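Next come the chains, spelled out residue by residue.
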Amino acid sequence: MSIFKPCQGKNACRDNGEVCLTCGRSLSEIEQLRRLMKDISSMALEYEYENIEEFVQYFARKVEKTIRHERTEKSNGLSR
């Protein structure tokens, strides 16, 4: 497993064409995460959620729960 290091902002990014030299993540990983965040944001805007804090907290809880569940299944040899 690796440690996730959050982006320090686009102005702090320095890369070598493959990885960010600030956070150490690959540029493809950073782009994938940006696309996912854009999709989630677009959904909240599409449905015109007023309570975005609750939406984001719900999403964070569910993602954490899903990751923990998938890790447990994988460690028990049950992954798909």
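This text follows the structure it describes.
Keep in mind that this is a model prediction, so the values were computed, not measured.

## Description of unusual backbone geometry
The backbone phi angle of E48 is positive, close to 55°, even though this residue is not glycine. Assignment of secondary structure puts E48 in the loop between α1 (27-46) and α2 (52-75). Its relative accessible area of 65% is what places E48 among the exposed residues.

## With respect to the packing of aromatic side chains
Within this structure, the stated rule accounts for 2 aromatic pairs. Ring plane angle 45° and centroid distance 5.1 Å describe the contact between Y49 and F55, whose orientation is recorded as tilted. An aromatic cluster is present here, built from Y47, Y49 and F55 joined pairwise through their rings.

## A closer look at the pattern of salt bridges
For the structure on display, the rule yields 2 salt bridges. R35 is paired through a salt bridge with E31; the nearest N and O atoms lie 3.8 Å apart. In this pair, R35 and E31 both sit in helix α1, 4 residues apart, roughly one turn of the helix. Under the relative-accessibility criterion, R35 is labelled partly exposed at 45%.

About the thresholds
- Residues numbered from 1 in each chain as written.
- Predicted model: local features only at pLDDT ≥ 70, side-chain atom pairs only at ≥ 80, totals over all residues.
- Heavy atoms only, no water.
- Helix = DSSP H or I, 4+ residues; strand = E, 2+ residues; numbered from the N terminus.
- Buried < 20%, exposed > 50% of the residue type's maximum accessible area, 1.4 Å probe, protein only.
- Phe/Tyr/Trp six-rings, centres within 6.5 Å; stacked < 30°, edge-to-face > 60°.
- Salt bridge = Lys/Arg side-chain N within 4 Å of Asp/Glu carboxyl O.

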